[in-house]
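Below are the chains, spelled out letter by letter.
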Amino acid sequence: MFSADSPLNQAIPADVQYRADGQTRIQAAGPPANLSQLTWSVPVFDVDGSSPKVKVFCYVYTCDEITNTLVPIPNGVYGQQGSDGHVTIIDHSTRKVYDYWIWKDCSWVVNFVNANYCPASAGIASLDGYGVGGGTNVAGLAGGMIRTYEVEAGVIDHALTFATGTTCQGVPFYPALYSDGVTINQSTCMPIGSRIQLDPTVNVDALPGITAFEKMVAKALQKYGAYANDTSLTFGF
């Protein structure tokens with residue numbers, strides 16, 4: 001997903017320079033990490049030119065790119081169970097990725113809204129583009145996600161994204177475009193856009209009791225790392 005030069009698809013160089021305070025910030029972020037499943041996992045729907053097209057109205061933040069146009073929304077679409085209500089729709093016919101926040105239909109809105117669905121906001125990115133922006137701070141929601149086909153293949157060939165409750169207030173780090181950081185303590189917080197890496201000298205295959213899935217994730221974290229992309233109550237991918 002996204003172009004070869006996207007930050008999500010770039011391996012961490014062998015001569016990378018680490019921040020001196022990096023370990024302090026990682027420890028404060030609250031590992032051990034959780035893996036978002038069910039309630040906090042983002043549903044992803046793949047569509048094509050044959051998919052139904054409807055109107056979408058964003059009721060919190062404007063989404064001018066799709067206002068008064070028809071966008072592909074598959075039948076049976078649903079949002080994330082958690083309070084964020086995220087959903088991602090990938091249109092392979094137009095090569096666009098749509099990320100929605102607080103997904104819901106318009107049945108609760110007064111009659112002047114002429115639309116089928118009324119999420120709080122929407123982010124749109126090119127499937128072949130840089131992958132920065134989209135529905136959250138660093139990248140489109142699906143950009144740093146572990147997909148089913150990757151689990152089946154046993155390989156993740158891109159960076160992951162994670163959320164933590166210690167994100168910094170203020171200006172984000174590149175490649176993040178925005179920040180929803182909440183932590184005032186600038187000496188221990190995790191800037192949105194930060195990239196963390198599992199020590200590449202660790203022999204993951206030799207770790208006792210490690211599962212095939214855990215090996216896959218660990219090797220991705222060694223090669224590509226993970227970007228701080230969102231704020232949450234706990235540390236999780």
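Here the structure is a predicted model, which is why all the values come from computation and not from measurement. (Residues numbered from 1 in each chain as written. Predicted model: local features only at pLDDT ≥ 70, side-chain atom pairs only at ≥ 80, totals over all residues. Heavy atoms only, no water.)

J.: Help me out: how do you make sense of helix α1 (residues 22-29) in this one?
T.: Three or more residues of α1 are buried, namely Gly22, Arg25 and Ala29. For α1, the angular spread of the buried residues around the axis is 70 degrees, confining them to a single face. Projecting away from the buried face of α1 at angles above 90 degrees are the exposed residues Gln23 and Gln27. Where α1 is buried, its residues contact β7 (160-164). Just downstream of α1, glycine 30 is the residue with a positive phi angle, here 105 degrees. (Buried < 20%, exposed > 50% of the residue type's maximum accessible area, 1.4 Å probe, protein only. Helix = DSSP H or I, 4+ residues; strand = E, 2+ residues; numbered from the N terminus. Arc of directions from axis to C-beta. Contact = heavy atoms within 4.5 Å.)

J.: Even after reading the chapter, I still don't get the packing of aromatic side chains, so can you show me in this structure?
T.: Taken as a whole, this structure holds eight aromatic pairs when the rule is applied. Taking the centre distance of 5.3 Å and the plane angle of 85 degrees together, the rings of phenylalanine 45 and tyrosine 78 count as edge-to-face. One end of the pair, phenylalanine 45, is in strand β1 (residues 44-47); the other, tyrosine 78, is in the loop between β3 (71-72) and β4 (87-91), with 33 residues separating them in the sequence. Residue classification places phenylalanine 45 among the buried positions, given a relative accessible area of 16%. An aromatic cluster is defined as three or more aromatic residues linked by ring pairs; in this entry it consists of Tyr98, Tyr100, Trp103 and Tyr117. (Phe/Tyr/Trp six-rings, centres within 6.5 Å; stacked < 30°, edge-to-face > 60°.)

J.: Can you help me understand the environment of aspartate 91 in this one?
T.: Tracing the sequence through the fold places aspartate 91 in strand β4. Distance in space between the C-alpha atoms of aspartate 91 and valine 71 is 9.3 Å, their sequence separation being 20 residues. With residues up to four places along the chain from it excluded, the contact list for aspartate 91 reads Val47, Asp48, Pro72, Lys96 and Tyr98. Only 3.0 Å separates the side chain of aspartate 91 from the side chain of threonine 94, close enough to count as a polar contact. (Polar contact = N/O pair within 3.5 Å; in protein donor to acceptor, adjacent residues only side chain to side chain.)

J.: In this structure, what is going on with the sheet that holds β7? I would like to understand it.
T.: What holds strands together in a sheet is hydrogen bonding between their backbones, with the strands either parallel or antiparallel. Pairing within the open sheet is mixed, and its three strands lie in the order β7-β9-β8. Looking along the sheet, the strands with just one partner apiece sit at the ends: β7 and β8 (195-196). Note that β8 and strand β9 (residues 226-231) share two bridges and pair antiparallel. Bridge pairing in β9 links isoleucine 196 to alanine 226. (Pairing = 2+ DSSP bridges.)

J.: What should I look at first to understand the pairing of β9 in this one?
T.: Side-chain direction in a regular strand flips from residue to residue, so the side chains alternate between the two faces of the sheet. Counting buried positions over the six residues of β9 gives five, a clear majority of the element. Two elements, β7 and β9, share five bridges in a ladder whose sense is parallel. Residue pairing for β9: leucine 160 is matched across the bridge by alanine 226.

J.: Help me understand the sheet that holds β1 in this model?
T.: Spatial strand order, β1-β4-β5-β6: four strands in an open sheet with mixed pairing. Among the strands making up the open sheet, the edge pair consists of β1 and β6 (121-126). The mean angle between the axes of side-by-side strands here comes to 20 degrees, regardless of whether they run parallel or antiparallel. Inspection of the sheet shows β1 paired to β4 by four bridges, in the parallel sense. Considered in β4, the bridge of aspartate 46 is made with isoleucine 90. (Axes fitted to C-alpha atoms, helices over the stretch in contact; angles between N-to-C directions.)

J.: How do you make sense of the pattern of salt bridges when you look at a structure like this?
T.: What the rule picks out here adds up to seven salt bridges. Among the ionic pairs, arginine 95 bridges to aspartate 128, the shortest N-O distance being 2.8 Å. Pair noted here: arginine 95 is in the loop between β4 and β5 (96-101) and aspartate 128 is in the loop between β6 and α2 (148-153), with a separation of 33 residues, a long-range link. When its relative accessible area of 43% is taken as the criterion, aspartate 128 is described as partly exposed. What emerges from the salt-bridge pattern is a single network uniting Arg19, Asp21 and Arg25. (Salt bridge = Lys/Arg side-chain N within 4 Å of Asp/Glu carboxyl O.)

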